[in-house]
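Results of the structural survey
Spelled out from the first residue to the last, the chains are:
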Amino acid sequence: GENVEQHPSTLSVQEGDSAVIKCTYSDSASNYFPWYKQELGKRPQLIIDIRSNVGEKKDQRIAVTLNKTAKHFSLHITETQPEDSAVYFCATSPYNNNDMRFGAGTRLTVKP
Amino acid sequence: GAVVSQHPSWVICKSGTSVKIECRSLDFQATTMFWYRQFPKQSLMLMATSNEGSKATYEQGVEKDKFLINHASLTLSTLTVTSAHPEDSSFYICSARAPGGAGTDTQYFGPGTRLTVL
């Protein structure tokens, strides 16, 4: 089955700096790569996603890059703000498939 | 759009009792819903896939007789934790897949249910 590894497990940055979180996966059939943000005790919120026919996608301060050959994808947050502090999860699934697997999560802390 | 609700948001029960958790898609029909369990400071672990009108598909290691899933309609799936024990205490989160088109693989999560078994 799919194995998703996420690094780092914790990340602390100064407000205004950039943050990068990386995930690797094993299943070449994975076709969909979402990123979720989860605040303490709350539901995971989809913040950005990318599909395998695209190498990069950007939405304001958030961007995701995908390297299908190397089987890794990354989340980039620029100009970080304290409200970006949360746990971020990457996930993968084959297209239109039920089998979504999550990384272990990265606890991001943005210091004011 | 794509709002998923979950009820109750938290529940405390005695060991040996059963607890039912409801997951509803409020503004769309979901033929497929998913149930996850999340322990403190850990990731989401898929427990089972709930299919409307058919039996749920359980992940390896998840006891189907203990975690009963019923997907009776296109907007409602329920998870019943039978004969709950303290080790079942966790945060249970459901999700539903948005319907149709290019976004059919996007999952939207409910707010979660925190179960505490005494």
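Use the structure listed above.
So, a few notes on the structure that sits alongside this text.

1. Looking at the side chain of Gln6 of chain B
Residue and element names in this part refer to chain B. Mapping Gln6 onto the fold places it in strand 1 (residues 4-7). Engagement of the side chain of Gln6 in a polar contact is seen with the backbone oxygen of Tyr92, the distance being 2.7 Å. Within the structure, Gln6 has its side chain in polar contact with the side chain of Thr113 (distance 3.2 Å). Once residues lying within four places of it in the same chain are set aside, the contact partners of Gln6 are Ile21, Glu22, Trp35, Tyr92, Ile93, Cys94, Gly110, Pro111, Gly112 and Thr113.

2. Here we look at the interface of chain A and chain B
As a measure of interface size, the accessible area lost when the parts come together is often cited. Contacts between the two partners involve 21 residues from chain A and, on the opposite side, 27 residues from chain B. Approximately 1800 Å² of surface area, both sides summed, lies buried where chain A meets chain B, with 46% of it carried by carbon and sulfur atoms. Summed over the shared surface of chain A and chain B, the result is 1 salt bridge. Among the ionic pairs, Arg101 of chain A bridges to Glu59 of chain B, the shortest N-O distance being 2.7 Å. Across the contact surface, chain A and chain B share 6 residue pairs in polar contact (both at pLDDT 80 or more). Counting only elements with at least two residues in the side of chain A that touches chain B, the list comes to strand 4 (32-38), strand 5 (45-51) and strand 10 (101-102) of chain A. When grouped by side-chain class, the residues that make up the side of chain A that touches chain B number 9 nonpolar, 6 polar and 6 charged.

3. With respect to the state of the cysteines
One pass over the structure, following the stated rule, counts 2 disulfides over all chains. Linked covalently through their sulfurs, Cys23 of chain A and Cys90 of chain A form a disulfide whose S-S length is 1.9 Å. Residues Cys23 of chain A and Cys90 of chain A share a disulfide whose torsion about the S-S bond is about -95°; that sign makes it left-handed. With a gap of 67 residues between them, Cys23 of chain A in strand 3 (residues 19-24) and Cys90 of chain A in strand 9 (residues 86-92) connect regions that are remote in the sequence. Accessibility classification places Cys23 of chain A together with Cys90 of chain A in one group, the buried group. There is a disulfide in this structure between Cys23 of chain B and Cys94 of chain B, and the S-S distance comes to 2.0 Å. Note on the Cys23 of chain B and Cys94 of chain B pair: the S-S dihedral is about 80°, so by sign convention the disulfide is right-handed.

4. Focus on the pattern of salt bridges
All told, the structure shown has 6 salt bridges over all chains when counted by the stated rule. Put simply, Glu39 of chain A and Lys37 of chain A hold a salt bridge, and the shortest N to O gap is 3.8 Å. Its relative accessible area of 35% is what places Glu39 of chain A among the partly exposed residues. Put simply, Arg24 of chain B and Glu22 of chain B hold a salt bridge, and the shortest N to O gap is 3.4 Å. What makes Glu22 of chain B partly exposed here is its relative accessible area of 24%.

Reading the values: the criteria
Residues numbered from 1 in each chain as written. Chains lettered and ligands numbered in written order. Predicted model: local features only at pLDDT ≥ 70, side-chain atom pairs only at ≥ 80, totals over all residues. Heavy atoms only, no water. Helix = DSSP H or I, 4+ residues; strand = E, 2+ residues; numbered from the N terminus. Polar contact = N/O pair within 3.5 Å; in protein donor to acceptor, adjacent residues only side chain to side chain. Contact = heavy atoms within 4.5 Å. Buried area = accessible area lost by both parts, 1.4 Å probe. Salt bridge = Lys/Arg side-chain N within 4 Å of Asp/Glu carboxyl O. Nonpolar A, V, L, I, M, F, W, Y, C, P; charged D, E, K, R; others polar. Disulfide = S-S within 2.5 Å. Buried < 20%, exposed > 50% of the residue type's maximum accessible area, 1.4 Å probe, protein only.

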